[in-house]
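# Observations on the three-dimensional arrangement
Here's the letter readout for the chains.
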Amino acid sequence: MYEYRAPRRDMQFVLHDVLDAEAGIAALGRDDLNRELIDGIMEEGTKFAEEVLSPLNWQGDQEGAVWDNGNVRTPKGYKAAFKAFTAAGWTGTHAPEEYGGQNLPYLASIAAGESFVAGAMAWRMSTGLTEGAVASLYHGGAQAQKDRFISKMVSGEWTGTMCLTEPHCGTDLGLMRTRAVPTGTGAYQLSGTKIFISFGEHDLTDNIVHLVLAKLPDAPVGTRGISLFVVPKRKVSADGTPGERNGVNCERIEHKMGIHGSPTCVMRFEEAEGWLVGAPHGGLAVMFIMMNHARLGVALQGLALAERAWQAAAAYATDRVQGRSLRGPQFADQPADPLHVHPDVRRMLLTIRSLVEGGRVLLYQGYQWQDALDRHPDPAVRKAMEPLVGFLVPVAKAFLTDMAMEATGLAVQVHGGHGFIRDTGVEQLMRDAKITCLYEGTNGVQALDLMGRKVMGTGGASVRAILTEMQRSMEAAGAAGAMVPAVYTAEVRRLGKELAELTAVVAAKAPQDPAEIGAASHDYLNHAAYTLLAWCWWRTLAALPSDAAAEWAEGKRATARFFFERLVPRATAHAAAVRAGAGALMDVPAAALLG
Ligand SMILES: Cc1cc2nc3c(=O)[nH]c(=O)nc-3n(C[C@H](O)[C@H](O)[C@H](O)COP(=O)(O)OP(=O)(O)OC[C@H]3O[C@@H](n4cnc5c(N)ncnc54)[C@H](O)[C@@H]3O)c2cc1C
């Protein structure tokens, strides 16, 4: 069993050498957040993750959350960690200052954020969801609602949930049945059943603030008829004092494949008192404000789990000795050589490492763009960020979570049969990773969002913006860029050109058959991801500090080489699948397909 150690050196390298975080954050008007402060936030957060959270990961998985007659008990240690986390102010990192938060741009605390998930993903969901609920209330709620709820959520006295899913309605929210009836007093009575609600009930706080999607009596059919409501577990008086229980109860919790410490609740609303957030039928618009942030948050979960898998695999491949190197014994004083001498084990290790470290550049870049979109003082810059963020978010969410499945699966494989045994802890990472591909819009839905809304819906403008930005940054690298092997530069350009061609191929076919968009989406997204990752590895090489320790820089160069020689060819297969079109998928009648 390996405890998590935050990859501080790589985090700092990405933040400062690749992304120049200090200058980017200063451009947002926050020149108080200098490098020293950014590193200080990283240091404090990663220490908390290593010392407090990482030991909870295994414990939480073994014990799991327990339902008891409507109450939910979280695993041992969850409460104390929650108290320490909130006391240190981490729940308010991005929250508005007027409600006790610190209003930091995401990039300033992203390294801490990554390590919180890697430390104990299931535990982190309690505070992560609350941050999402706070942001939705802040952007969509009336002043009185903000004043009543936000401070207590920021301070950690209360937590928040997002209640969307129902038994018959997951991806297709238009099928929603939960009803909200006006009482005539300004409040509403909500009735219905929500399922899969993370931390819908727990013992960490006295009150829980549910953000619930429901339909008003006069709601139009479909997704245009959905409204958002705030429904506290305990009713709250105007001065913020919690009182009697509201009509919302946890019927049971699910028994799941992973994230056992995170209670996944079936919530029954019975004439529960709630208040409308935003305009009637405008619930999805409020949720959409938070969509990018939430999806980047799930991408971060994928990255963090893959990082933890990398650490376990690298340590095991060093400790475990089996067989001899094909080139002759490398450790003649030992009965056998360590696993890492074998080419196939190196294939697995380098696959994980190249995806994790390339993925970190991609995701931190995404957060930097998101910060500029949210906060840059120049409206023209904010506008320019829209297509970049729009394109990157579904790619990062789907690719980095699928990548987490690959990385954690490979980490199990590196451990051999021992990886299948609970005590090594790597099988937990694999089980925990799967949910990241499913919630916050399944990865299939992300691909459809990219291909349909972001690419076809903008006439290709978003992909053109990404390709232009790639080219601009490579030209801006100047002499440092010229040091990158020319073959990699040519490869990034080739991939970009191919992505533009694939866009044109789908655009030409889609008017005749809209199914072409759905048929191309998964492979198009993956081609885009490998293109972006190739760019990220190119930037990594261009940013390597000249005074970097020789072994560290050699490790980076070797990992980049593996990525370009061994993983970039995957893009060719995805391109072929996009070009093949919808025929192989759609020509077969359902009866013949399903037997
Ligand atoms: C552990 C856990 C925690 C969760 N936490 C929360 C939470 O806190 N709050 C909350 O509201 N929900 C939560 N969810 C629910 C989660 O967001 C949904 O499970 C998810 O949105 C998918 O919905 P579904 O399960 O109904 O699948 P479905 O919508 O039935 O999809 C099934 C399959 O069909 C595909 N599919 C569906 N429609 C289309 C389409 N139009 N085009 C192409 N493919 C399609 C999907 O990609 C998927 O592969 C959680 C779920 C789990 C398991």
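What comes next concerns the included structure.

The rules behind these values
Residues numbered from 1 in each chain as written. Predicted model: local features only at pLDDT ≥ 70, side-chain atom pairs only at ≥ 80, totals over all residues. Helix = DSSP H or I, 4+ residues; strand = E, 2+ residues; numbered from the N terminus. Rg over C-alpha atoms; globule rule 2.2 N^0.38 Å. Buried ≥ 20, exposed ≤ 12 C-beta atoms within 10 Å, placed from the backbone. Contact = placed C-beta atoms within 7 Å. Core = buried A, V, L, I, M, F, W, Y, C linked by C-beta atoms within 7 Å. Near = placed C-beta within 6 Å. Nonpolar A, V, L, I, M, F, W, Y, C, P; charged D, E, K, R; others polar. Axes fitted to C-alpha atoms, helices over the stretch in contact; angles between N-to-C directions. Parallel < 35°, antiparallel > 145°, perpendicular 65-115°, else oblique. Left-handed = near helix turned anticlockwise from the far one by under 90°. Expected span 1.5 Å × (residues − 1). Pairing = 2+ DSSP bridges.

Right, let's get into the overall build of the chain. Within the chain one finds 20 helices and 11 strands. Here the C-alpha radius of gyration of the chain, 24 Å, is about what a compact globule of 595 residues would show, namely 25 Å. When the 595 residues of the chain are sorted by exposure, 51% land in the buried category. A separation of at least 24 residues holds for 76% of the contacts in the chain among residues at least 6 apart in sequence.

On to the nonpolar core, then. Grouped burial of nonpolar side chains is what soluble globular proteins tend to show. In terms of nonpolar packing, the biggest core is built from 182 residues, with Ala313 and Ile352 touching the most fellow members. It is helix H10 (residues 379-414) that provides the largest number of residues to this core, a total of 19 residues. Non-local contacts of Ala313, meaning those with residues more than four positions away in its chain, are made with Met348, Leu349, Ile352, Leu410, Ala411 and Val414.

Moving on, we get to the site of the ligand. Looking at the ligand, there are 18 residues lining it, with Leu164, Gly170, Thr171, Thr442 and Gly444 nearest. Looking at the shell around the ligand, the elements with two or more residues in it are strand S3 (158-163), strand S5 (188-198) and helix H12 (443-455). Grouping the amino acids of the shell around the ligand by side-chain chemistry returns 10 nonpolar, seven polar and one charged.

Another aspect to go through is the packing of helix H15 (residues 486-509) against helix H16 (residues 515-543). At a closest axis distance of 10 Å, the pairing of H15 and H16 adopts a crossing angle of 160°. The orientation of H15 relative to H16 falls into the category roughly antiparallel. Relative to H16, the crossing made by H15 is left-handed. Across from Tyr488, Thr489, Glu491, Val492, Leu495, Gly496, Leu499, Leu502, Val506 and Lys509 in H15, the residues of H16 making contact are Glu516, Ile517, Ala520, Tyr524, His527, Ala528, Tyr530, Thr531, Ala534, Trp535, Trp538 and Leu541.

So, about H15. With 24 residues, H15 should cover 34 Å at 1.5 Å per step; its first-to-last C-alpha distance of 35 Å lies within 8% of that length. Within H15, burial applies to Tyr488, Glu491, Val492, Leu495, Gly496, Leu499, Leu502, Thr503 and Val506. Summarising the contacts, the buried residues of H15 are in contact with H12, helix H13 (461-476), H16, helix H17 (550-567) and helix H18 (569-580).

This part covers the environment of Gly140. Relative to the helices and strands, Gly140 is located in helix H6 (residues 121-140). Overall, the presence of 24 C-beta atoms within 10 Å leaves Gly140 in the buried class. Distance in space between the C-alpha atoms of Gly140 and Leu228 is 9.2 Å, their sequence separation being 88 residues. Apart from the residues within four sequence positions on either side, Gly140 is in contact with Leu228, Val277, Gly278, Val286 and Ile289.

Pairing between S5 and strand S11 (residues 264-277): eight bridges, direction antiparallel. The residue of S11 that forms the bridge with Ile197 is Cys265. In this sheet, S11 lies alongside strand S7 (residues 227-232) in antiparallel orientation, the contact comprising three bridges. From the neighbouring strand, Val230 faces S11, where its bridge partner is Trp275. Examined bridge by bridge, strand S10 (residues 248-253) and S11 share five bridges and lie antiparallel to one another. Note that in S11 the partner of Asn249 across the bridge is Arg268.

Here we come to unusual backbone geometry. Of note in the backbone geometry, Phe199 takes a positive phi value of approximately 55° without being a glycine. Mapping Phe199 onto the fold places it in the loop between S5 and strand S6 (207-214). Since 26 C-beta atoms lie within 10 Å of it, Phe199 is described here as buried. One non-glycine residue, His281, adopts positive backbone phi at about 65°. Residue position: His281 is located in the loop between S11 and helix H8 (283-319).

Moving on to helix H11 (residues 426-434). Judged by how many residues are buried, H11 sits mostly within the fold: seven of nine residues are covered. Every buried residue of H11 is accounted for by Val426, Glu427, Gln428, Leu429, Met430, Asp432 and Ala433.

Where H10 meets H11, the axes come as close as 8 Å, and the angle between the chain directions of the two elements is 160°. In terms of orientation, H10 and H11 fall into the roughly antiparallel class. Our pair here, H10 against H11, has a crossing hand that is left-handed. Of H11, the residues touching H10 (which contributes Ala404, Met405, Thr408, Gly409, Ala411 and Val412) are Val426, Glu427, Leu429, Met430, Ala433 and Lys434. Residues belonging to the contact of H10 with H11 are distributed by class as follows: eight nonpolar, two polar and two charged.

Attention now goes to the environment of Gly366. Mapped onto the elements, Gly366 comes out in helix H9 (residues 343-375). Given 28 C-beta atoms within 10 Å, Gly366 falls into the buried group.

Now for the environment of Val455. Within the element layout of this structure, Val455 appears in helix H12. Val455 sits in the buried class, given 31 other C-beta atoms within 10 Å. Spatially, the C-alpha atom of Val455 lies 9.2 Å from that of Gly390, the residues being 65 residues apart in sequence.

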